[in-house]
Amino acid sequence: MIPIDIIQKTAETLMDKAAIEIPQDYLDGLQAAAEVEDGDLSSFVLQAMLENYEAAKEDRRAMCGDTGTPRWYVKMGNETQIEGGPIALEAALRRATANATNGVPLRPNRVHPLWRTDHNNNVGIGAPEIEYGYEPGGEWIDLITVHKGGLFGTDYRMLFPSDGIEGIKRFYLDSLIAFGKRGLACQPAIIGIGLGGCKDTCMVLGKRAACLRTVGSENSDPKIAELEREFKELGNSIGMGAMGFVGKSMVVDCNIEVGYCHTGGMQMSVHAFCLSSRRAVARVHADGRVEYRTDPDWFTAYQRRETVEWDAPALDAAE
Amino acid sequence: MSPRKIRLSTTPTQEALDDLRLGDIVYLDGLMYTAREGVYKRALEDKANIPMELPRDSAANFHCSPAARINPDGTFEMGAVTATASFRFAKWLPEWMAKSGAKLIIGKGGMTSKDYKAFFVPNGAIYLSTVGYGTGALLGRGVEKVEAVHWNEELGLAQAMWVIKCNNMGPFIVASDKNGDCLFERENAKVAQNLERVYEGTRPATLKRYGETDDRSDEVI
């Protein structure tokens, strides 16, 4: 049984870490981009961003004034039990979101879509989103918070098998350039691409590819991993850098996730996780131990399973 | 070649504004206020009295909602500050400039050269863009003091009118000049020269989008 007070306290710490500390994998990726960037203005922007991450950590203040729309991804081992059950868990995550909004402070971004009511705490109808995943075996809970910016850089399109890789490339470039101009996407970004699923799951896949995979990670399908490398290079060959200035750094990394789709279609979504790629992760164990990390490790072999049954022993052997 | 760096007052002289060149890096001193759709609607559509003496106190309008809170004792805690995209506010700006005398519009992503020529140039105003975007912590360091927050009851913390005392606050990039030229459009034009080559080997989608264009010099704003 995992104590609910530890979950809430951990969640509050995660909110703080996500807003303030740039994950090391993104930082390494951006430093590599800064080293090869030769556009005058683009270089200036990247250097300013690198200084900004330092300032945020030194001052313990949010790295960006737009602290995005905080949300939660929760993953549990199959044997996990939470004190008070799932209702208590959701209440703890909502409380942590509200408390951290006031505490860090974060920008209270969440408002009613029509009446623009602002509770000044990032909590409201459907906010924060809480999504779940499960893994075979184990008694632990992974709390993952992502504070993604929410206005530009994302798009969806229904493609068809006849569009092929050439069509996928076209929509990828269209999305990058449309939102890259003037830097609306706050690039260089982690670009997540969702392929397949249904319209809603395609969006979910792309968003998770951007937010729940780290810079340098690869899809477990070697041919998709090859596409990821090719797309990263393609994005960086546009000739556009930070803020849409002439440069060569648009894509810190490109992550692709796929889902089985309608036989006639090839849904595609593109998401950009920005210069403030805010994510923080902690695992809470049944004995109350808490381990912090920045890699959500969401896309396990189990999450990408293709068959009816899950052959658990095979996974254990493979790992 | 590294960009030119300039310190500028938030109640600048016309001479100082006219001297700014596209791509200059600017650091600001003096009072600055946040105003975006909430403030514009309240001041211009609902005709509420602006709770500051403008432009005497400040001629710098920041398109920003800070990550900030009001403490129970009425003091303020301001962490990070960054801008929101300005193009959405174009419809209110001509009237706002006339009413507020704003000379510096500060935000994200700039506006079009058409907007600059239509109402920035006649008012002698300049657009400054934040950098990154997302140098929120650096800009936060430039906030010497939060002087006041107006209309937070009516508009909420994110849309309220925050009055900030800036001390060497920056960096910002000059994105329009006295002629109404646009830094982002200049860069767009340079990038566009390469696009034909980048798109080689791609194919247009089988299912078209109604009303969409294939003109790659287009923008989404």
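Counting starts from 1 at the beginning of each chain's written sequence and moves along it residue by residue. Whichever chain is written first is A, and whichever ligand is written first is 1; the rest continue in order. Reporting in this predicted model follows two pLDDT cut-offs: at least 70 for local features of residues, and 80 or more for side-chain atom pairs to be given and counted; totals over whole chains, interfaces and linings ignore these cut-offs and use all residues.

A. The arrangement of the overall build of chain B in detail. Counting its secondary structure elements, chain B contains seven helices and nine strands. The principal-axis extent of the C-alpha atoms belonging to chain B is close to 65 × 40 × 35 Å. For chain B, buried positions account for 48% of its 221 residues. Here contacts are defined at the residue level, using C-beta atoms placed from the backbone and a cut-off of 7 Å between them. Across chain B, contacts joining residues at least 24 apart in sequence account for 67% of those joining residues at least 6 apart. Helix and strand labels come from DSSP, where a helix needs a run of H or I of at least four residues and a strand needs a run of E of at least two; each type is numbered from the N terminus. The exposure label follows from counting other C-beta atoms within 10 Å of a residue's C-beta, where the C-beta atoms are placed from the backbone and the thresholds are 20 or more for buried and 12 or fewer for exposed, leaving partly exposed in between.

B. Expanded view of the environment of Pro66 of chain B. Looking at the secondary structure, you find Pro66 of chain B in the loop between strand 3 (60–62) and strand 4 (68–70). Apart from residues no more than four positions distant in its own chain, Pro66 of chain B is found in contact with Gly65 and Arg107 of chain A together with Met78, Val81 and Trp162 of chain B.

C. The packing of helix 2 (residues 24–36) of chain A against helix 3 (residues 40–59) of chain A, seen in detail. Residues and elements named next belong to chain A. Axes here mean lines fitted to C-alpha atoms, for a helix over just the part in contact, with angles spanning 0 to 180 degrees between N-to-C directions. Relative to each other, helix 2 and helix 3 sit at 150°, their axes nearing to 10 Å. Comparing the axis directions of helix 2 and helix 3 gives the class roughly antiparallel. Here helix 2 and helix 3 pass one another in a crossing that is left-handed. Only Leu46, Gln47, Met49, Leu50 and Tyr53 of helix 3 make contact with helix 2, whose side of the interface consists of Leu27, Leu30, Gln31, Ala33 and Ala34. Its residues assigned to classes, the contact of helix 2 with helix 3 shows eight nonpolar, two polar and no charged. Roughly parallel refers to an angle under 35 degrees, roughly antiparallel to one over 145, roughly perpendicular to one between 65 and 115, and oblique to any angle outside these ranges. Each helix crossing is assigned a hand: it is left-handed if the near helix lies turned anticlockwise from the far helix by less than a right angle, otherwise right-handed if that turn is clockwise. Ten residues, namely Ala, Val, Leu, Ile, Met, Phe, Trp, Tyr, Cys and Pro, are considered nonpolar, four, namely Asp, Glu, Lys and Arg, are considered charged, and the remaining ones, Gly among them, are considered polar.

D. How the structure looks around the interface of chain A and chain B. Between chain A and chain B, the residue contacts involve 56 residues of the former and 50 residues of the latter. When contributions to the side of chain A that touches chain B are tallied by element, the ones reaching two or more residues are helix 3, strand 4 (155–159) and helix 5 (164–180) of chain A. Among the elements that take part in the side of chain A that touches chain B, helix 3 of chain A stands out by supplying 11 residues, more than any other.

E. Expanded view of unusual backbone geometry. Cis rather than trans, the peptide bond between Leu54 of chain B and Pro55 of chain B has omega equal to 0°. With respect to the secondary-structure elements, Pro55 of chain B resides in the loop between helix 2 (37–45) and strand 3. Gly170 of chain B connects to Pro171 of chain B through a cis peptide bond whose omega is 5°. Of note in this structure, Arg116 of chain A is not a glycine but carries a positive phi near 60°. Located in the positive-phi region is Asn168 of chain B, a residue other than glycine, with phi close to 55°. For Asn168 of chain B, the location among the structural elements is in strand 9 (residues 161–174).

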